[in-house]
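Structural features, examined
Here is what each chain is made of, one letter per residue.
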Amino acid sequence: MTPPGAPADLAAPADPATPAEPAAPATPPVPTDQRNLLTDHPELYELRFPDPESTAARWADAVLRRYGAGPAVLDLGCGTGRDAAWLQHAAGRTVTGLDSSAAMIEHARAHHPGPAYHLADMRTFALPERFDAVLCLDSALLYCHTDADLDALFDRLRHHLRPGGLLVAELRNGAFFLGRTELLDAPRTDTVTRDGVTHTSHTVLRIDRAAQLLRRTRRWTSDDGAPPVEQQSAWRLLFPQELRHLLAHHGFTTLALYDRPGPRTEPPWTDDTPAVDPAETADGDRLHLVARLDSRARKRS
């Protein structure tokens, strides 16, 4: 999912209690410092982050089944659409995908058809339907950098979830960085090859403590003679108790909040491991969240 502020074709109505017809405002280009080579080229994204066993989607479905979620699911920050399509076709759910990257949505519609896909900003989207569950995988929630961004997102979640609906999220763990520096100590180098061209990324992470952001500088080079490209991105760092408070403020009850197992942990979640860790530890670099919307919460919208 690209950062909020990217072009959107669905804006929230002025009165959140009454959905308006989706608007189609002009779509200015994404600022250069927010562009992402992998987001702009979804085929590269899927090569760089392969998931041949559909682990993320299978984990999400296991959590949804554990907590008795109904079939209507909104995949918020759906990216290339591979998770949404698996949930639709393999798990029998009715899935809607939403992302703020036009390239990702175009790729999803072409390569992972089945779900309904929408281009929109997670802070302002408005859809006519209500959902039994919202998924927010791969730290998509953390593209809400400010408290105002997070409040806007949770307003949209309250508006689009049915009473008792679930929020299932997988995201970086802000508490991991309390005294832990292994992800910050040295640049990371990775490569991905497509159509005979090898792209190499050099990634540096740093913590912006004042803004409570994990900032990333990534420099791409390729062996086809193209000039290097440097890109900036960031994620909000949320701590477990802060996240619980935020959820409660917006009418959600936290059912589970734990570090492992999950689709991006080591070792990763498998069908033979529990979908939820009963110990609810938060030492790893990922958090996994399950929360339920209170039946009265939408009245506050």
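See the structure shown above.
Keep in mind the model is a prediction, meaning the values are calculated, not measured.

About the thresholds
Residues numbered from 1 in each chain as written. Predicted model: local features only at pLDDT ≥ 70, side-chain atom pairs only at ≥ 80, totals over all residues. Heavy atoms only, no water. Buried < 20%, exposed > 50% of the residue type's maximum accessible area, 1.4 Å probe, protein only. Helix = DSSP H or I, 4+ residues; strand = E, 2+ residues; numbered from the N terminus. Arc of directions from axis to C-beta. Contact = heavy atoms within 4.5 Å. Pairing = 2+ DSSP bridges. Axes fitted to C-alpha atoms, helices over the stretch in contact; angles between N-to-C directions. Salt bridge = Lys/Arg side-chain N within 4 Å of Asp/Glu carboxyl O. Parallel < 35°, antiparallel > 145°, perpendicular 65-115°, else oblique. Left-handed = near helix turned anticlockwise from the far one by under 90°. 1 Å grid on protein atoms, 1.4 Å probe; cavity = no way out; pocket = protein on both sides within 12 Å on 5 of 7 lines; lining within 4 Å. Points joined across faces, edges and corners; volume = space filled by probe spheres on them. Nonpolar A, V, L, I, M, F, W, Y, C, P; charged D, E, K, R; others polar. Phe/Tyr/Trp six-rings, centres within 6.5 Å; stacked < 30°, edge-to-face > 60°. Lys NZ or Arg CZ within 6 Å of the ring centre and 35° of its normal.

Moving on, we come to helix 7 (residues 240–249). Along helix 7, the residues that are buried comprise Pro240, Leu243, Leu246 and Leu247. Buried residues along helix 7 cover an arc of 125 degrees about the axis, so they all sit on one side. Opposite its buried face, helix 7 presents the exposed residues Gln241 and His245, each directed more than 90 degrees away. Where the residues of helix 7 are buried, they touch helix 6 (147–160), strand 5 (161–172), strand 10 (252–258) and strand 11 (286–293). Directly after helix 7, the chain includes Gly251, whose backbone phi takes a positive value near 90 degrees.

The next subject is the sheet that holds strand 2 (residues 94–99). The 7 strands are arranged 3-2-1-4-5-11-10 in an open sheet whose pairing can be described as mixed. Looking at the sheet topology across the chains shown, the edges are occupied by strand 3 (116–119) and strand 10. Each strand of the sheet is rotated relative to its neighbour by a mean of 15 degrees, with strand direction disregarded. The sheet contact formed by strand 5 and strand 11 spans 7 bridges and is antiparallel. Each bridged residue has a counterpart across the sheet, and for Val168 the counterpart in strand 11 is Val290. Running at roughly 145 degrees to strand 5, helix 3 (residues 55–66) makes contact with strand 1 (72–76), strand 4 (131–136), strand 5, strand 10 and strand 11 of the sheet. Along the sheet face, helix 6 touches strand 1, strand 4, strand 5, strand 10 and strand 11 and points at about 140 degrees away from the line of strand 5.

This paragraph deals with the pattern of salt bridges. Applying the stated criterion across every chain yields a total of 20 salt bridges. A salt bridge links Arg65 to Asp61; the nearest nitrogen and oxygen atoms lie 2.9 Å apart. On the criterion of helical spacing, the pair formed by Arg65 and Asp61 is a turn pair, its members being 4 residues apart in helix 3. Judged by its relative accessible area of 7%, Asp61 falls in the buried class.

Moving on: the packing of helix 3 against helix 4 (residues 82–89). In contact at an axis separation of 9 Å, helix 3 and helix 4 are set at 50 degrees when each is read in the N-to-C sense. On the basis of the axis angle, helix 3 is oblique to helix 4. Judged by the twist between their axes, the crossing of helix 3 over helix 4 is right-handed. Residues Ala56, Ala57, Arg58 and Asp61 of helix 3 pack against Asp83, Trp86 and Leu87 of helix 4.

Let's shift gears to the layout of surface pockets. Rolled over the atoms, a probe as big as a water molecule pinpoints where empty space is left. Its boundaries defined by the atoms lining it, the largest pocket holds a volume of some 1400 Å³. Surrounding the largest pocket, 48 residues form its lining, Phe49, Asp138, Arg172, Arg264 and Arg286 being those nearest its centre. At the level of elements, helix 1 (37–40), helix 2 (42–48), helix 3, helix 4, strand 5, strand 6 (188–194), strand 7 (197–208) and strand 8 (213–222) are the ones that each hand at least two residues to the lining of the largest pocket. Of the residues that constitute the lining of the largest pocket, the class distribution is 18 nonpolar, 11 polar and 19 charged.

Two descriptors summarise a pair of aromatic rings, namely the distance from one centre to the other and the angle between the planes of the rings. The full count for this structure, using the stated rule, is 4 aromatic pairs. Between Phe154 and Phe252 the ring centres are 5.8 Å apart and the planes differ by 75 degrees, which places this aromatic pair in the edge-to-face class. Here Phe252 lies in strand 10 and Phe154 lies in helix 6, a separation of 98 residues in the sequence. Side by side, Phe154 and Phe252 carry an identical accessibility label, which is buried. Taking NZ or CZ as reference, Arg172 lies 5.5 Å from the ring centre of Trp235, over its face. One Lys or Arg, Arg264, reaches over the ring of Phe49 and ends 5.3 Å from the middle of that ring.

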